[in-house]
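Descriptive structure summary
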Amino acid sequence: MCSSDLDLKTKTAKQLGVIRQGEFFGEMSLLESAKKSATVFSLEPTTLIKISGSALQKLTFTDVNLSSSLLFSLVRALSDRLRKTNIEVAILYDTGKILSSIHELEKMVKAILERVCESLSIETGVFLIYNELSGSFEMVGRQGDTSHFQEEVIHGLIRELGSSPAGFRYPGFNQMSVDCERRLSDSNLGEVMAIPLFIHEKLNGVMIFAHTEFGAIEPGQGRFTDFEFNLVSGVAQQASFAVENARNRQEAAARAAYSRVKRRT
C-alpha cells in the first residue's frame, strides 16, 4: 500500500511512503479528530482491520493488557515516524544550504554524498553526471571505498533506469532485468540503491549507493528501506537543477579559458 499527499491544484500525488504487510496507518485519528493529512492507495488486493477511537476507548476498560499493547505499539510507531521526519528535514535543509553556498560542481557533489552517507550510515556512494560532449556518464564524486564500483556494473545500472525511471534497490526490486541482476550478483557491491536525477524529463545524473555486504534481512528484502529510498529521491530532485547549473558554469569557464589560450596562439 502507498500513502500520498494529494495536491488539489495540480491533481498530482506525492508519495509519502509505502506501508508493508502488518503495518498500520491512520493512527492519528485515534488521538485527534483533525482533517486527514494523506490518502492511502492499495497497490494489490488487501485485507484491512479497522480500529475506531471509540472501540479502543472501550477496550481500555474491558481488556487492559490488549489495549496497553496497542497503545505502546502506537507510541513506538509515532516515535519512529517522528525520528524519520526529523532526519528528513535535517538532510533536506542541509542539502539546500549546500546547493546555495557551494558553486563548484565537484565540491557540491562531494558534500551531498557525505551528508547522505553519514546520516543514513551508508558505506559507499558515487555521483555520475551525463556529459553531452562524450555522450556518457562521468563520475564526478565518490564517498567511501568505491573500488567495487566496476564500470560495466555502473553502466548496467544506468541502463536499468531506462525501464525504472523512479530508481530501484537490489535486492527486493522485482522488475529488474535478469542481466542486471546477474551482474550485481556477480559483483562485490552487495546491496545497491540507484536514484536518478532528471532535468526536463531527461536523465541527467545518477546517485548510486551500496553496502558491500548483505545484511541479515528477510529473503527478498534489503537494508535500503522505503524511508531511505524516498528521502534520497527527494535529495536528487532538490539537487537536479543546481548540479546542472554548476556543470554549465564549469563548461562555460573551460570554454572561456580555451578561447583565451587560442587567442594568444
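These lines cover the structure that appears in this document, whether it is placed above or below. All values reported here derive from a predicted model rather than from experimental measurement.

**Examining the packing of aromatic side chains**
- Counted under the stated rule, the structure contains one aromatic pair.
- Just above the ring of Phe229 sits the side chain of Arg169; from NZ or CZ to the centre is 4.9 Å.

**Here we look at the pattern of salt bridges**
- Scanning the model with the defined rule gives 13 salt bridges in all.
- Put simply, Glu114 and Lys110 hold a salt bridge, and the shortest N to O gap is 3.1 Å. A residue pair is termed a helical-turn pair when its members lie 3 or 4 positions apart in one helix, as Glu114 and Lys110 do in helix α3 (residues 105–120) at four residues.
- Under the relative-accessibility criterion, Glu114 is labelled partly exposed at 27%.
- Here Lys110 falls in the partly exposed class, since its relative accessible area comes to 41%.
- One network of salt bridges, in which partners are shared, links Glu152, Asp179, Arg182, Arg183 and Asp186.

**Structural notes on the side chain of Ser67**
- Assignment of secondary structure puts Ser67 in helix α2 (residues 64–101).
- Judged by its relative accessible area of 3%, Ser67 falls in the buried class.
- A polar contact is formed between the side chain of Ser67 and the backbone oxygen of Val64, at a distance of 3.0 Å.
- Sequence-distant contacts of Ser67, defined by excluding residues within four places in its chain, comprise Leu59 and Thr60.

**Thoughts on the environment of Asp145**
- Secondary-structure assignment places Asp145 in the loop between β5 (136–143) and α4 (151–160).
- Each C-alpha atom of the pair Asp145 and Thr212 lies 9.4 Å from the other, and the pair is 67 residues apart in sequence.
- Within the structure, Asp145 has its side chain in polar contact with the side chain of Ser147 (distance 2.9 Å).

**Let's talk about the pairing of β5**
- Here strand β4 (residues 124–131) pairs with β5 via seven bridges, running antiparallel. Across the sheet, residue Asn131 finds its bridge partner in β5, namely Ser136.
- The turn linking β4 back onto β5 is made up of four residues, and Gly135 within it adopts a positive phi angle of 70°.

Rules used in this analysis
Counting of residues starts from 1 at the beginning of each chain's written sequence and follows it residue by residue. At least 70 in pLDDT is required for a residue's local features to be given in this predicted model, at least 80 for side-chain atom pairs to be given and counted, and no such filter applies to totals for whole chains, interfaces and linings, which use all residues. Excluding hydrogens and water, the side-chain values take into account all heavy atoms of the structure. Think of it this way: a Phe, Tyr or Trp ring, Trp meaning its six-membered ring, pairs with another when their centres are within 6.5 Å, and the plane angle makes it stacked under 30 degrees, edge-to-face over 60, tilted otherwise. Think of it as a cone above the ring: NZ of Lys or CZ of Arg counts as a charge over the ring if it is within 6 Å of the ring centre and within 35 degrees of the ring normal. By convention in these notes, a salt bridge is any Lys or Arg side-chain nitrogen within 4 Å of a carboxyl oxygen on Asp or Glu. The helix count covers DSSP runs of H or I at least four residues long, the strand count covers runs of E at least two residues long, and both are numbered beginning at the N terminus. Buried means the residue's accessible area, taken with a 1.4 Å probe over protein chains only, is under 20% of the maximum for its type, while exposed means over 50%, and partly exposed covers the values in between. Under the rule applied, a polar contact is a pair of N or O atoms within 3.5 Å (in protein, one hydrogen donor and one hydrogen acceptor; residues adjacent in sequence only if both atoms are side-chain atoms). The contact criterion used is simple: two residues touch if any of their non-hydrogen atoms lie within 4.5 Å. For two strands to count as paired, DSSP must find a minimum of two bridges between them.

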